[in-house]
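Structure assessment
This is what each chain is made of:
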Amino acid sequence: MSDYKSILSATCPMPKLDFEIITMGHGSGGLLTHKLLDAGVFDVLSNEYLDKQHDGAVFDVTAGKMAFTTDSYVVSPIFFPGGTIGELAINGTVNDLCMCGAKAEFISLSFIIEEGLAVTDFWEILLQIKLAADNAGVKIVTGDTKVVERGKGDQIFINTSGVGKVHPKATIAIDRIKTGDKIIVSNDIARHGIAIMSVREGLEFESDIESDTCNFNSIIGELLDNFGENIHFLRDATRGGLSTILNEVSKSLSQGIAIHQKDITVDESVASACELLGLDPLYVANEGVFVAFVEASIAEQVVQTIKSWEHGTHAAIIGEVSMQHPGQVVLHSQIGGRRVVNMLVGEQLPRIC
């Protein structure tokens, strides 16, 4: 991926423009808007749909169920260790569709830019959007650009929508979760939230903590190919972290959930940062981690499949659905104790995505 990133930067140098910052005129729909779009967006993100430069995109939809999602991205800072707001927007939209059992195909992309954003920053974000879209195998087919006055935004916000075809073997729904289902986490947790906080707080650690942002298109397709309806439910552990997902499921179904601390991997540097900041890793956001509720008989096979994926090294069965303590998530600690993991109250880490 790093090689492709270098090639992309070399083959898509920033064009020579007669402006260095984004102004209100770039959102007017006139000459400046066309200069910005023609010299950047359309060239970098070119495909047969976007090249038509129409008000929307028209495409054929094959038979079968389709999934649709939308999201907005306001992360601060817009550049952070391991990513940018651009790739976060693409990966996040792709992953929301994956959690529906769908493979993302088409994405809309809209920018709300604050007057004064450096064109070099906008160009870097565009390149990362292109890289993320290529990695996920999706096409950006329509979009919009608006500019707000200085002080009325925070550099750049991004809105996306995505469409994808649902896998024919997918039957992903919260009401398919049952007692005895195993709970699998796809990787170590809390990296994204701590990567953001390290920049905000000016913290330095012995090893670099980078966001885990990535797309799930390939791994979810492989899991559904192999295990189909035995995968009962999927969720990505973004805002509110792992604990929020587990609490939502437990309360929705009035079932208990037991999780085991020894099976939940937290990178040593991330754990140290959480301790320093007074944060519980269970509540910290992720952007490259999903949770799967699966039939117990296939759980080990699912874990091994995820571990073969480049972003699933620390995949593990972390717990199970139980009839005990309905509506509660109970953590079994490494020293043999138990505690209730409650729903997050308020906003722990604002503007994390």
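Now for a quick tour of the structure. (Residues numbered from 1 in each chain as written. Predicted model: local features only at pLDDT ≥ 70, side-chain atom pairs only at ≥ 80, totals over all residues. Heavy atoms only, no water.)

So, the overall build of the chain
How we decide: Runs of H or I in DSSP of at least four residues are treated as helices and runs of E of at least two as strands, each being numbered from the N terminus. Here the globule rule reads 2.2 Å times residues to the power 0.38, and the radius of gyration is calculated from C-alpha atoms. Remark: exposure states derive from per-residue accessible area (1.4 Å probe, protein chains only) relative to the maximum for the residue type, with buried under 20%, exposed over 50%, and partly exposed in between. When checking whether two residues touch, look at their non-hydrogen atoms; a contact exists if any pair is within 4.5 Å. Residue exposure ignores everything except the shown protein chains as possible cover, and the areas themselves are Shrake-Rupley values with a 1.4 Å probe. Charged residues are defined here as Lys and Arg on the positive side and Asp and Glu on the negative side; His and the ends of the chain fall outside this count. A charge is said to be at NZ when it belongs to Lys, at CZ for Arg, at CG for Asp and at CD for Glu.
Counting secondary structure elements, the chain contains 9 helices and 13 strands. In summary, the chain has a C-alpha radius of gyration of 21 Å against a globular reference of 20 Å for 353 residues, a match within 12%. Per-residue burial for the chain yields a buried fraction of 51% across its 353 residues. Within the chain, contacts between residues at least 6 apart in sequence are counted, and of these 87% link residues at least 24 apart. Accessible area for the chain stands at about 15900 Å²; split by element, carbon and sulfur atoms hold 50% of it. Charge-centre separation for the chain: the mean point of 26 positive side chains lies 5 Å from the mean point of 46 negative side chains.

Some words on the layout of surface pockets
A water-sized probe rolled over the atoms picks out the places where empty space is left. Definition in use: A pocket, in this scheme, is an open set of points on a 1 Å grid over the protein atoms alone with protein on both sides within 12 Å along at least 5 of 7 lines, while a cavity is a set where a 1.4 Å probe fits but cannot get out; residues line either one if an atom lies within 4 Å of a point. Grid points are joined across faces, edges and corners, and a volume is the space filled by probe spheres set on the points. When residues are grouped by polarity, Ala, Val, Leu, Ile, Met, Phe, Trp, Tyr, Cys and Pro land in nonpolar, Asp, Glu, Lys and Arg in charged, and all others, Gly among them, in polar.
Computed from the structure, the second largest pocket encloses a volume of approximately 480 Å³. Surrounding the second largest pocket, 24 residues form its lining, Leu37, Phe42, His54, Gly143 and Asp144 being those nearest its centre. Among the elements of the structure, helix 2 (31–44), strand 4 (102–114) and strand 5 (139–148) are those that each provide at least two residues to the lining of the second largest pocket. For the lining of the second largest pocket, the element with the most residues is strand 5, which contributes 7 residues. A per-class count over the lining of the second largest pocket returns 10 nonpolar, 11 polar and 3 charged.

A word on unusual backbone geometry
With an omega dihedral of 5°, the bond running from Ser76 to Pro77 counts as a cis peptide bond. Here Pro77 is to be found in the loop between strand 1 (66–73) and strand 2 (79–80). The backbone of Ala190 sits at a positive phi, close to 80°, despite the residue not being glycine. Secondary-structure assignment places Ala190 in the loop between strand 7 (182–185) and helix 5 (191–201). Residue class for Ala190 comes out buried when judged on its relative accessible area of 0%. One non-glycine residue with positive phi stands out, namely Ser254, at about 55°. Along the chain, Ser254 turns up in the loop between helix 7 (241–253) and strand 9 (256–260).

A few points about the sheet that holds strand 6 (residues 156–166)
Here is the rule we go by: We treat two strands as partners when DSSP finds at least two bridges between them. Throughout, an axis means a line fitted to C-alpha atoms (over the contacting stretch in the case of helices), and angles, computed between N-to-C directions, take values from 0 to 180 degrees.
Taking strand neighbours across the sheet as the criterion, the 4 strands line up as 1-6-4-5 in an open arrangement whose pairing is mixed. Each of the sheet's edge strands pairs with one partner strand only, and the pair in question is strand 1 and strand 5. On average, adjacent strands in this sheet sit at an angle of 15° to one another, irrespective of strand direction. Pairing of strand 1 with strand 6 involves 8 bridges; the strand directions are antiparallel. Note that in strand 6 the partner of Asp71 across the bridge is Thr160. Contacting strand 1, strand 4, strand 5 and strand 6, helix 3 (residues 85–98) runs over the sheet at an angle of about 30° to strand 6.

Brief notes about the pattern of salt bridges
Which entries qualify depends on this criterion: Throughout this description, the term salt bridge denotes a Lys or Arg side-chain nitrogen within 4 Å of a carboxyl oxygen of Asp or Glu.
By the definition in use, this model includes 10 salt bridges. Residue Lys130 is joined to Asp134 by a salt bridge in which the shortest nitrogen-to-oxygen separation is 3.4 Å. Taken together, the residues span about one helical turn, with Lys130 and Asp134 both in helix 4 (residues 119–136) at a distance of 4 residues.

Things to note about helix 2
Here is the rule we go by: What a helix should span is 1.5 Å times the count of its residues minus one. Bend is computed residue by residue as the angle between axes fitted to the seven residues ending at the residue and the seven residues starting at it.
Between its first and last C-alpha, helix 2 extends 19 Å over 14 residues, near the 20 Å set by a 1.5 Å rise per residue. Largest kink in helix 2: about 40°, centred on Leu37. Within the span of helix 2, buried status applies to Thr33, Leu36, Leu37, Gly40, Val41, Phe42 and Val44.

Some points on the nonpolar core
Filter applied, for reference: Side-chain atoms within 4.5 Å are what join buried Ala, Val, Leu, Ile, Met, Phe, Trp, Tyr and Cys residues into a set we call a nonpolar core.
If you look at the biggest cluster of nonpolar residues, it comprises 106 residues, and the most contacted ones within it are Phe111, Ile156, Ile158, Ile220, Phe290 and Phe293. The element best represented in this core is helix 4, accounting for 10 residues. Beyond its immediate chain neighbours, meaning those up to four positions away, Phe111 contacts Val41, Phe122, Leu126, Ile129, Asp144, Thr145, Lys146, Ile156, Phe157 and Ile158.

Quick look at the sheet that holds strand 11 (residues 316–322)
The strand order 8-10-7-11-9-12-13 describes an open sheet built from 7 strands, whose pairing is mixed. Two strands close off the open sheet at either side, each with one partner strand: strand 8 (231–236) and strand 13 (338–340). Neighbouring strand axes in the sheet, compared pairwise and without regard to direction, differ in orientation by 25° on average. Against the sheet, helix 7 makes contact with strand 7, strand 8, strand 9, strand 10 (290–294), strand 11 and strand 12 (329–332), and its axis sits at roughly 155° relative to strand 9, the strand it touches most.

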